[in-house]
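# Topology and contacts: notes
Residues per chain, in single letters:
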Amino acid sequence: MAIHKLDFGEFDEIDYSLIAIHTSLEDYRLAYFINQKLHVKLNKSIKEIQIAVKEGEAHFSRFHYYEKEKEISWDLIQNKNEVIQQQQEQNQSLFSNINIEVATKVYMLPEFKKVDYFLKIENSDENLNILKIQNTLSTIDNIATMYVVDTNKIKSKNNLIF
């Protein structure tokens, strides 16, 4: 009888590149400009990314494109959103028992609070030049800055699994 062993080190492999983008553009406009410049076809995904945080459940928009020939998956992911909580006021005043909505900012990757969007490129091979992609993205107006994120420094890596 043969003994089979699983090596959990294989599951820790990171096979994606992550580019942080700082911009004032809305997600659909940014996706449009990325489609034009990088010749990809990012489409709004019906499945938003849901993450449970202490304030409630947060939903982040996602634009997705799968390139069949090269087997590369492209995702444009929103990093900032708001969770609206209902709180009831307990004062004995004229306006007692009023429900108050409190909006709290939440982040997909909390360690990168200033980043607006992430461009996640999965299963990229050596032929995909990340520096060339960065240079192309820098030609888009209204992108203040962008940089490649060191995936070893991400504390909340599980939020990128979807």
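Just above, that's the structure.
Figured I'd write up the structure that's included with this text. These numbers were taken from a predicted model, which means no experiment stands behind them. (Residues numbered from 1 in each chain as written. Predicted model: local features only at pLDDT ≥ 70, side-chain atom pairs only at ≥ 80, totals over all residues. Heavy atoms only, no water.)

### Observations concerning the sheet that holds strand 1 (residues 16-23)
Within the open sheet, the six strands sit side by side as 2-5-6-9-1-10. Their pairing is antiparallel. Each end of this open sheet is capped by a strand with a single partner; those strands are strand 2 (43-44) and strand 10 (143-148). Pairing of strand 1 with strand 9 (residues 117-122), which is carried by six bridges, proceeds in the antiparallel orientation. The residue of strand 9 that forms the bridge with serine 17 is isoleucine 121. On top of the sheet, helix 1 (residues 27-38) reaches strand 1, strand 2, strand 5 (62-67), strand 6 (72-78), strand 9 and strand 10; it is set at about 150° to strand 6, its chief contact. Relative to the sheet, helix 2 (residues 130-137) contacts strand 1, strand 6, strand 9 and strand 10, its axis offset from that of strand 10 by approximately 175°. (Pairing = 2+ DSSP bridges. Helix = DSSP H or I, 4+ residues; strand = E, 2+ residues; numbered from the N terminus. Contact = heavy atoms within 4.5 Å. Axes fitted to C-alpha atoms, helices over the stretch in contact; angles between N-to-C directions.)

### Quick look at the packing of aromatic side chains
The geometry of two aromatic rings is summed up by the distance between their centres and the angle between their planes. Under the defined criterion, the tally for this structure stands at two aromatic pairs. A centroid spacing of 6.0 Å and a plane angle of 80° characterise the contact between phenylalanine 112 and phenylalanine 118, whose relative ring orientation is edge-to-face. For the pair shown, phenylalanine 112 and phenylalanine 118 are each scored as buried. Above the plane of the ring of tyrosine 16 lies lysine 120, whose end atom (NZ or CZ) is 4.9 Å from the centre. (Phe/Tyr/Trp six-rings, centres within 6.5 Å; stacked < 30°, edge-to-face > 60°. Buried < 20%, exposed > 50% of the residue type's maximum accessible area, 1.4 Å probe, protein only. Lys NZ or Arg CZ within 6 Å of the ring centre and 35° of its normal.)

### Notes on the nonpolar core
Grouped together as the largest cluster of nonpolar side chains are 25 residues, with contacts concentrated most on Ile21, Ile34, Trp74, Leu76 and Leu137. Every element with two or more residues in this core is listed here: strand 1, helix 1, strand 5, strand 6, strand 9, helix 2 and strand 10. Among the elements that make up this core, the one with the highest residue count is helix 1 (five residues). In this view, leucine 76 contacts Ile21, Asp27, Leu30, Ala31, Ile34, Leu42, Ser61, Arg62, Phe63, Tyr117, Phe118 and Leu119; residues no more than four positions away in its chain are not counted. In terms of nonpolar packing, the next biggest core, distinct from the first, is built from 18 residues, Ile77, Met108, Phe112 and Val115 among them. (Core = buried A, V, L, I, M, F, W, Y, C linked by side-chain atoms within 4.5 Å.)

### Remarks on unusual backbone geometry
Backbone geometry at glutamate 71 places phi at a positive 55°, although glycine is not the residue there. Take glutamate 71: it is sitting in the loop between strand 5 and strand 6. Backbone geometry places asparagine 142, a non-glycine residue, at a positive phi of 75°.

### Some details on the pairing of strand 4 (residues 56-60)
As judged from the five bridges shared by strand 3 (residues 49-53) and strand 4, these two strands associate in the antiparallel manner. Note that in strand 4 the partner of alanine 52 across the bridge is glutamate 57. The turn joining strand 3 and strand 4, which pair antiparallel and follow one another in sequence, is formed by two residues.

### Structural notes on the packing of helix 1 against helix 2
Across the interface, helix 1 lies against helix 2 with an axial gap of 10 Å and an inter-helix angle of 120°. The angle between helix 1 and helix 2 places the two elements in the oblique class. Helix 2 is crossed by helix 1, and the crossing has right-handed handedness. Between helix 1 and helix 2, the residues in contact are Ile34, Lys37 and Leu38 and Ile133, Thr136 and Leu137, respectively. (Parallel < 35°, antiparallel > 145°, perpendicular 65-115°, else oblique. Left-handed = near helix turned anticlockwise from the far one by under 90°.)

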